Amino acid sequence: QVQLVESGGGLVQAGGSLRLSCAASGRTFSNYAMAWFRQAPGKERGFVAAITRGGGSTYYADSVKGRFTISRDNAKNTVYLQMNSLKPEDTAVYYCAANTIVEVPPTRYGYWGQGTQVTVSS
């Protein structure tokens, strides 16, 4: 089992920045690729970003490319999502998830955090 706990969400004005953290416990963190997803009210949960087990490769949804950065610190069992130039359409609950490899569909991920709310005001 892998337990994931997100933090760092909040209310920010458009153009601002937030950094989300996801702390993992349980099995060996470096054995898992990590990803961030988000879900806005009335919408399906969608892929935001992912990072490979060693952190050597990252992947982004087109909507966040150039604004968001995913990173990880395997010594701290933590994955981060730095979000810059935030837009109102980034408003959602953000979830981190773990899987053995990077995949896009959320259904492929077996471990999830509880989510953290990000609200971007215009």
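The structure displayed is predicted, hence computed values, not measured ones.

A few points about the overall build of the chain
Part 1 of the argument: Helix and strand counts for the chain come out as zero helices and eleven strands.
Part 2 of the argument: Its C-alpha atoms give the chain a radius of gyration of 13 Å, near enough to 14 Å, the size a compact globule of 122 residues would have.
Part 3 of the argument: Viewed in the frame of its principal axes, the chain has a C-alpha envelope of about 40 × 25 × 25 Å.
Part 4 of the argument: Burial statistics for the chain: of 122 residues in total, 43% are counted as buried.
Part 5 of the argument: The contacts of the chain with a sequence gap of at least 6 include a subset with a gap of at least 24, amounting to 57%.
Part 6 of the argument: Of the roughly 6100 Å² that the chain leaves accessible, carbon and sulfur atoms contribute 47%.

Quick notes on the packing of aromatic side chains
Part 1 of the argument: In the structure shown here, the tally under the stated rule is six aromatic pairs.
Part 2 of the argument: Where Tyr 32 meets Tyr 111, the ring centres are 5.9 Å apart and the plane angle is 90 degrees; that geometry is what we call edge-to-face. Separated by 79 residues along the polypeptide, Tyr 32 in the loop between strand 3 (18-26) and strand 4 (33-39) and Tyr 111 in strand 10 (residues 111-112) bring together distant segments of the chain.
Part 3 of the argument: You can call Tyr 32 buried: its relative accessible area is 9%.
Part 4 of the argument: Every member of this aromatic cluster is reached through a ring pair, and the members are Phe 37, Phe 47, Tyr 95, Tyr 109 and Trp 112.
Part 5 of the argument: Over the ring of Phe 29 we find Arg 72, and its NZ or CZ is 4.4 Å from the ring centre.

The rules we used
- Residues numbered from 1 in each chain as written.
- Predicted model: local features only at pLDDT ≥ 70, side-chain atom pairs only at ≥ 80, totals over all residues.
- Heavy atoms only, no water.
- Helix = DSSP H or I, 4+ residues; strand = E, 2+ residues; numbered from the N terminus.
- Rg over C-alpha atoms; globule rule 2.2 N^0.38 Å.
- Buried < 20%, exposed > 50% of the residue type's maximum accessible area, 1.4 Å probe, protein only.
- Contact = heavy atoms within 4.5 Å.
- Areas by Shrake-Rupley, 256 points an atom, 1.4 Å probe, with all protein chains shown as cover.
- Phe/Tyr/Trp six-rings, centres within 6.5 Å; stacked < 30°, edge-to-face > 60°.
- Lys NZ or Arg CZ within 6 Å of the ring centre and 35° of its normal.

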